[in-house]
Amino acid sequence: KAGVTQTPRYLIKTRGQQVTLSCSPISGHRSVSWYQQTPGQGLQFLFEYFSETQRNKGNFPGRFSGRQFSNSRSEMNVSTLELGDSALYLCASSFGGGAGREQYFGPGTRLTVT
Amino acid sequence: AQSVTQPDIHITVSEGASLELRCNYSYGATPYLFWYVQSPGQGLQLLLKYFSGDTLVQGIKGFEAEFKRSQSSFNLRKPSVHWSDAAEYFCAVGAGERSYNTDKLIFGTGTRLQVFP
């Protein structure tokens, strides 16, 4: 069974640009969550989607947005990039039954903003 | 609010030695608890989880963890460490109440494990 895939793996953008990251969950998984990982703030929850609906949202500015498609694939978008957005963005998927369900993480997208 | 504390930022052990990584959580009810491992440049791999029942949980790669409600702890242990165990380890708690549907996890700051031959 294929794992969670994220594309692209690496990305370099300039401040002020926007970026879209993609996540394909494990087949059969309906829930996708996104996390930002930085050396200073650690792992922080961005948002969670289940059956194309945002189920939960972290404490990030509105520049961060996401969506989920009918095939459960998810994208996240960051507009007007800032230097502080440089991070590893991790996607995780699960069957979506709620708290306690095992989540499987992708390898991440390393975003560098210059 | 829920929180997770990993008091040790960096631990160094010799190969073959035993290991214990500490994790303390703050949560109002019975938590869902997880340990994940992250190798450099990689995503997170689930080592083990606690939902309910037996407080000693077995995981992959020879790891185990013990849930102690009285101490609000969920420490990770391994009897004999291998060089390939060098990585960063994260403890996490499920953020939602058991009746609330969310997969959101709250992570600790991680413990970096270094293994000397």
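First things first, this report covers the structure right here in the doc.

Criteria and thresholds
- Every residue gets a number counted from 1 within its own chain, in the order that chain's sequence is written.
- Chain letters start at A and ligand numbers start at 1, both assigned in the order the entries are written.
- Under the rules for a predicted model, residues below a pLDDT of 70 receive no local features and side-chain atom pairs below 80 are neither given nor counted, while totals for whole chains, interfaces and linings still include all residues.
- Hydrogen atoms and water are omitted, and side-chain values are computed over all heavy atoms in the structure.
- Centre distance within 6.5 Å is the pairing criterion for rings of Phe, Tyr and Trp, where only the six-membered ring of Trp is used; planes under 30 degrees apart are then read as stacked, over 60 as edge-to-face, and the remainder as tilted.
- Counting from the N terminus, the helices are the DSSP runs of H or I reaching at least four residues and the strands are the DSSP runs of E reaching at least two.
- Classification of residues uses two cut-offs on accessible area relative to the type maximum, computed with a 1.4 Å probe and protein chains only: under 20% is buried, over 50% is exposed, and between them is partly exposed.
- Put simply, a disulfide is two cysteine sulfurs that come within 2.5 Å.
- For our purposes a nonpolar core is just a set of buried Ala, Val, Leu, Ile, Met, Phe, Trp, Tyr and Cys residues, chained together by side-chain atoms within 4.5 Å.
- The contact criterion used throughout is that any non-hydrogen atoms of two residues lie within 4.5 Å.

Before going further, it helps to examine the packing of aromatic side chains. All names here are of chain A. If you walk through the whole model with that rule in mind, you get 16 aromatic pairs over all chains. Aromatic side chains Y35 and F45 sit 5.6 Å apart centroid to centroid with 70 degrees between the ring planes, which places their arrangement in the edge-to-face category. Taken together, the residues Y35 in strand β4 (residues 31-38) and F45 in strand β5 (residues 42-50) connect sequence positions ten residues apart. No difference in accessibility class separates Y35 from F45, as the two residues are buried.

As enumerated under the stated definition, the model contains two disulfides over all chains in all. Each disulfide pairs two cysteine sulfurs, and for C23(A) the partner residue is C91(A), the sulfurs being separated by 1.7 Å. Residues C23(A) and C91(A) are joined through a disulfide that is left-handed, its torsion about the S-S bond being -50 degrees. Of this pair, C23(A) sits in strand β3 (residues 19-24) while C91(A) sits in strand β9 (residues 87-94), and the two are 68 residues apart along the sequence. Using a relative accessible area of 0% as the deciding quantity, one classes C23(A) as buried. Overall, C91(A) belongs to the buried group, its relative accessible area being 0%. Put simply, C23(B) and C91(B) are joined by a disulfide, and their sulfur atoms are 2.0 Å apart.

With that settled, consider the nonpolar core. In this structure, L19(B), W35(B), L47(B), L48(B), F74(B), L76(B) and Y89(B) are the most contacted members of the largest nonpolar core, which totals 29 residues. Of all the elements in the fold, those that place two or more residues in this core are β2 (10-14), β3 (19-21), β5 (33-38), β6 (44-50), β8 (64-68), β9 (73-78), β10 (87-94) and β12 (111-116) of chain B. Sorting elements by how many residues they give to this core places β10(B) first, with four residues. What L19(B) contacts, discounting residues up to four positions off in sequence, is I11(B), V13(B), F63(B), L76(B), R77(B), K78(B), V81(B) and L113(B). Ranked by size, the runner-up nonpolar core spans 21 residues in total, among them L21(A), F64(A), V78(A) and L81(A).

If you trace the backbone, D8(B) turns up in the loop between β1 (3-5) and β2. D8(B) sits in the buried class, given a relative accessible area of 17%.

What follows is about unusual backbone geometry. A cis amide bond links T7(A) to the next residue, P8(A), at an omega of -10 degrees. Mapped onto the elements of the fold, P8(A) is located in the loop between β1 (5-7) and β2 (10-13). Even without being a glycine, S72(B) presents a positive backbone phi close to 50 degrees. Mapped onto the elements, S72(B) comes out in the loop between β8 and β9. By relative accessible area, which is 26% here, S72(B) ends up partly exposed.

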